[in-house]
Amino acid sequence: MSLQCGIVGLPNVGKSTLFNCLSNAKAQSANFPFCTIEPNVGVITVPDERLIKLGEICKPERGIIPTTVEIVDIAGLVKGASKGEGLGNKFLANIRETDAIIHVLRCFDDENVVHVDGSVNPVRDKEIIDAELQLKDLETVESRIQKCEKAAKAGGDKNAKLQLEVLVKYREALSQGKNARTVELDNKDQEAAAKDLFLLTNKPVMYVCNVDEASAVTGNAYVEQVREAVKDEDAQVLVLAAKIESEIAELETYEERQMFLEEIGLQESGVNRLIKAAYALLNLRTFLTAGSDEVRAWTFKAGAKAPQCAGVIHTDFERGFIRAEVIKYTDFIALGGEAQCRAAGKLATEGKDYLVQDGDIMHFLFNV
């Protein structure tokens, strides 16, 4: 399951520094706009402490295989990007291909790092990016409205009429400077029609406040301004110091990193918190397989049933699904393995309608 989060923001807010911390793919990082010309894509391992504990019990021959999510570093947008300013059109197209947006906001003062608009103001920066994405969406909506109106009039196309209803709702919101994700649709048919539009401001978003070292634990006044500005949005706010994260990334061992974090008062690195939050932002969950050969995490969309999750491993598993054997992670750890769970009656047999839960340890039986 290849799903992507795109990192966006104005130039020089710390996007590429953050991306470098997230992956081994080293994006260019420089004190001037547009240093990232092509979008950099990193396949990021999702931290999951459960895998370590399962590995200690199962001692798998092939080891532990975590799940991943892709992070795309997109060059800094500027005012007028929707009309092609800077390198806007290309970058907006790159955002369109992602499943969710990580919006980095500069929340630190540093006279050695220039700001494209001359001063630090994360709320203004957010509004600039929002406005550019909204303008691009409005352009898309207006174009689709013209086509739908023609189709609806010419042939009485029901689908065209349905999509037209949705488009008019979006046009009204976007014209008022609101994001498409704020629009409430009336029914599932409208929701299905909306998915085909791929609007930029309809993607789930997380705001990352990039702060200085002194603010890494507590945040600062800039962060509070951001929280206030997005309080009515269905969005997460995460605080981290990209400069510190880059220093952590240079440390060789897990123990060294943990000591560094403890010294500055953090329990977990901002990068780990970001990856987990990005995974949740995409509405993703994890089921697990555990045995003597390997311990592995598998990604599924929240709300998936057992056959769909079987299909994540192999399409034949879904096609010939018979049943699933499920052990809860807490039972597996508490009792010390699969055999003990079977003996204690903690292994459940589930059918096609079982809704898989995050952390379920699964074994699928199938016949093709």
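Let me sum up the structure you'll find in this document. Along each chain, the written sequence defines residue order, and numbers are assigned to residues from 1. Thresholds applied to this predicted model are a pLDDT of at least 70 for local features of residues and 80 or more for the giving and counting of side-chain atom pairs; totals over whole chains, interfaces and linings are not thresholded and use all residues. Heavy atoms from the whole structure form the basis of all side-chain values; hydrogens and water molecules are not counted.

## A short note on the nonpolar core
- Ranked by size, the top nonpolar core spans 59 residues in total, and within it Leu-22, Ile-71, Ile-102, Met-206 and Leu-274 carry the most contacts.
- No other element matches the 7 residues that helix H10 (residues 270-281) contributes to this core.
- Setting aside its immediate chain neighbours within four residues, Ile-71 contacts Cys-5, Ile-7, Phe-19, Leu-22, Asn-40, Val-41, Gly-42, Ile-44 and Ile-102.
- Only buried Ala, Val, Leu, Ile, Met, Phe, Trp, Tyr and Cys residues count toward a nonpolar core, and they belong to the same one when joined by side-chain atoms within 4.5 Å. Relative accessible area decides the class of each residue, using a 1.4 Å probe on protein chains only: under 20% of the type maximum gives buried, over 50% gives exposed, and in between gives partly exposed. Ranked by size, the runner-up nonpolar core spans 16 residues in total, among them Leu-164, Tyr-170, Val-183 and Ala-194. Numbered from the N terminus, helices here are DSSP runs of H or I no shorter than four residues, and strands are runs of E no shorter than two. Contacts were defined at the residue level, with two residues in contact if any of their heavy atoms lie within 4.5 Å.

## So, the pattern of salt bridges
- Criterion for a salt bridge: a side-chain nitrogen of Lys or Arg within 4 Å of a carboxyl oxygen of Asp or Glu. Scanning all chains against the criterion turns up 21 salt bridges.
- One salt bridge connects Arg-342 with Glu-325, and the closest N-O pair in it is separated by 2.8 Å. Separated by 17 residues along the polypeptide, Arg-342 in helix H14 (residues 338-343) and Glu-325 in strand E10 (residues 321-327) bring together distant segments of the chain.
- The class for Arg-342 is partly exposed, based on a relative accessible area of 42%.
- One continuous salt-bridge network, built from bridges that share partners, spans Arg-62, Asp-293, Glu-294 and Arg-296.

## Re a negative patch on the surface
- Two distance rules govern patches: like charges are joined within 9 Å, and nonpolar side chains (Val, Leu, Ile, Met, Phe, Trp, Tyr) within 5 Å, applied only to residues with over 30% relative accessible area and no salt bridge. Areas reported as accessible are Shrake-Rupley estimates using a 1.4 Å probe. Residue values count occlusion only from the protein chains shown. Charge counting follows a simple rule: Lys and Arg are positive, Asp and Glu are negative, and His as well as the terminal groups are ignored. In this description, the location of a charge corresponds to atom NZ of lysine, CZ of arginine, CG of aspartate or CD of glutamate. Residues Asp-109, Asp-212, Glu-213 and Glu-247 make up a contiguous surface patch of negative charge.
- Topologically, Glu-247 is positioned in helix H8 (residues 242-250).
- A residue is classified by how much of its surface remains accessible, and Glu-247, at 35% relative accessible area, is partly exposed.

## What to know about the sheet that holds strand E1 (residues 4-8)
- Pairing within the open sheet is mixed, and its 6 strands lie in the order E2-E4-E1-E5-E6-E7. Each edge of the open sheet carries a strand with a single partner, namely strand E2 (40-45) and strand E7 (236-240). Here the strands of the sheet are splayed against their neighbours by 25° on average, with no regard to which way each runs.
- Criterion used throughout: strands pair if DSSP finds at least two bridges between them. As paired elements, E1 and strand E5 (residues 100-106) share 4 bridges and run parallel to each other. Counted as the bridge partner of Gly-6 is Ile-101 from E5.
- Orientation is described by lines fitted to C-alpha atoms, with helices fitted over the stretch in contact, and by angles between N-to-C directions that extend from 0 to 180 degrees. Strands in contact with helix H7 (residues 221-229) are E5, strand E6 (205-210) and E7; relative to E7, the strand with the most contacts, it is inclined by about 170°.
- Contacts from H10 reach E1, E2, strand E4 (68-73), E5, E6 and E7, with the element oriented near 165° to E7.

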